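Residues per chain are reported as follows:
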Amino acid sequence: MATKIRLQRGGRKGYAFYSIVVADARAPRDGKFTEKIGTYNPNTNPATVDLNFERALYWVEVGAQPTDTARNILSKEGVYLMKHLRGGVRKGAFDEAAAQKKFDAWKALKVKGAEAVRESEAKSKKDAYNKELEAEKRINEAIAKKVAEKKAAKAEEEAQKAAEAETPAEETPAEA
């Protein structure tokens, strides 16, 4: 039986959520599968992958062929690197401890890079928020200045009217 590692679509319209499954190559996309080895959510930033690493490695080692997207996911999770390192152990190039050490170093570097991306994204969002806040403050200050000018002009007009009312009006020739 030719097995494939592929994605099985779920979720609602316009919001896909995938299960990573091992299935017979002849089975339909969302049909019967042999084993579910993880999930993939492309809607988050960055995309979320929850993978049973040991089972995925087992299926890759016994010859299951992943689809292009599944291969990219497995590669980014390190399944293919571990397969490569285990091949080196079988050939005697290095021992199991050295292979695990190399894999752990790669994983730590990958986590550090992902954390740096998250931090830079959070910093850029914060900077954009602060920039918008400053622009809004400038606009509010300009509006407050205009309102103060209008109030001052109105107060000045009222003071003029009050001053005119207090001074005796000259008699007009019609009254005399």
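Structure's up top.
Let us look at the structure shown here. (Residues numbered from 1 in each chain as written. Predicted model: local features only at pLDDT ≥ 70, side-chain atom pairs only at ≥ 80, totals over all residues. Heavy atoms only, no water.)

1. Some points on the sheet that holds strand β5 (residues 65–66)
Taken in spatial order, the five strands line up as β4-β3-β2-β1-β5 in an open sheet, and their pairing is mixed. Two strands in the sheet have a free side with no partner beyond their single neighbour: β4 (48–51) and β5. Relative to strand β3 (residues 35–41), strand β2 (residues 15–24) runs antiparallel, the two sharing five bridges. Paired with Tyr18 across the two strands is Tyr40, which belongs to β3. (Pairing = 2+ DSSP bridges. Helix = DSSP H or I, 4+ residues; strand = E, 2+ residues; numbered from the N terminus.)

2. Observations concerning the pairing of strand β1 (residues 3–12)
Successive side chains on a regular strand alternate, one facing one side of the sheet and the next facing the other. Relative to β2, β1 runs antiparallel, the two sharing ten bridges. When the sheet's bridge partners are listed, Arg9 is paired in β2 with Tyr18. What sits between the antiparallel neighbours β1 and β2 is a turn of two residues, in which Gly14 has the positive phi angle 80°. In terms of strand pairing, β1 meets β5 through two bridges, oriented parallel. When the sheet's bridge partners are listed, Lys4 is paired in β5 with Gln65.

3. Observations regarding the packing of helix α1 (residues 53–61) against helix α3 (residues 79–91)
Viewed as axis vectors pointing N to C, α1 and α3 meet at an angle of 60°, and their least axial separation amounts to 10 Å. With respect to α3, the axis of α1 lies oblique. Along this stretch, α1 crosses α3, giving a crossing that reads as right-handed. Along its contact with α1, which presents Phe53, Glu54, Ala56, Leu57, Val60 and Glu61, the element α3 presents Val79, Tyr80, Met82, Lys83, Arg86 and Arg90. For the contact of α1 with α3, the class distribution of residues is seven nonpolar, no polar and five charged. (Axes fitted to C-alpha atoms, helices over the stretch in contact; angles between N-to-C directions. Parallel < 35°, antiparallel > 145°, perpendicular 65-115°, else oblique. Left-handed = near helix turned anticlockwise from the far one by under 90°. Contact = heavy atoms within 4.5 Å. Nonpolar A, V, L, I, M, F, W, Y, C, P; charged D, E, K, R; others polar.)

4. Concerning α1
A turn of α-helix holds 3.6 residues, and therefore any two residues three or four places apart point the same way. Listed as buried for α1 are Phe53, Ala56, Leu57, Trp59 and Val60. Down the axis, α1 shows its buried residues gathered within 165° of arc, on one side only. A positive phi of about 110° marks Gly63, the residue just after α1. (Buried < 20%, exposed > 50% of the residue type's maximum accessible area, 1.4 Å probe, protein only. Arc of directions from axis to C-beta.)

5. Quick look at unusual backbone geometry
Along the chain, Asn45 connects to Pro46 via a cis peptide bond; the corresponding omega equals -5°. As for its placement among the helices and strands, Pro46 is situated in the loop between β3 and β4.

6. Some points on the pairing of β3
Along β3, six of the seven residues are buried, which leaves the element largely enclosed by surrounding structure. In terms of strand pairing, β3 meets β4 through four bridges, oriented antiparallel. Bridge pairing in β4 places Gly38 opposite Leu51. Between the end of β3 and the start of β4, which pair antiparallel, lie six residues.

7. Examining the layout of surface pockets
Taken as a whole, the largest pocket holds about 450 Å³ of empty space. In this structure, the largest pocket is lined by 15 residues; those nearest its centre are Pro46, Ala47, Val49, Glu77 and Lys110. Taken together, the elements giving at least two residues each to the lining of the largest pocket come down to α2 (68–77) and α4 (96–166). For the lining of the largest pocket, the element with the highest residue contribution is α4, accounting for six residues. (1 Å grid on protein atoms, 1.4 Å probe; cavity = no way out; pocket = protein on both sides within 12 Å on 5 of 7 lines; lining within 4 Å. Points joined across faces, edges and corners; volume = space filled by probe spheres on them.)

8. Structural notes on the packing of aromatic side chains
Here a ring pair, both rings aromatic, is described through the centre-centre distance and the interplanar angle of the planes. Under the defined criterion, the tally for this structure stands at four aromatic pairs. Ring plane angle 45° and centroid distance 5.5 Å describe the contact between Phe53 and Phe103, whose orientation is recorded as tilted. Within this pair, whereas Phe53 is found in helix α1, its partner Phe103 is found in helix α4, the two being separated by 50 residues in sequence. Taken together, a centroid distance of 5.4 Å and an interplanar angle of 75° make the contact between Tyr58 and Trp59 edge-to-face. Members of the aromatic cluster, connected to one another through ring pairs, are Phe53, Phe103 and Trp106. Lying over the aromatic face of Tyr15, Arg12 brings its terminal NZ or CZ to 4.7 Å of the ring centre. (Phe/Tyr/Trp six-rings, centres within 6.5 Å; stacked < 30°, edge-to-face > 60°. Lys NZ or Arg CZ within 6 Å of the ring centre and 35° of its normal.)

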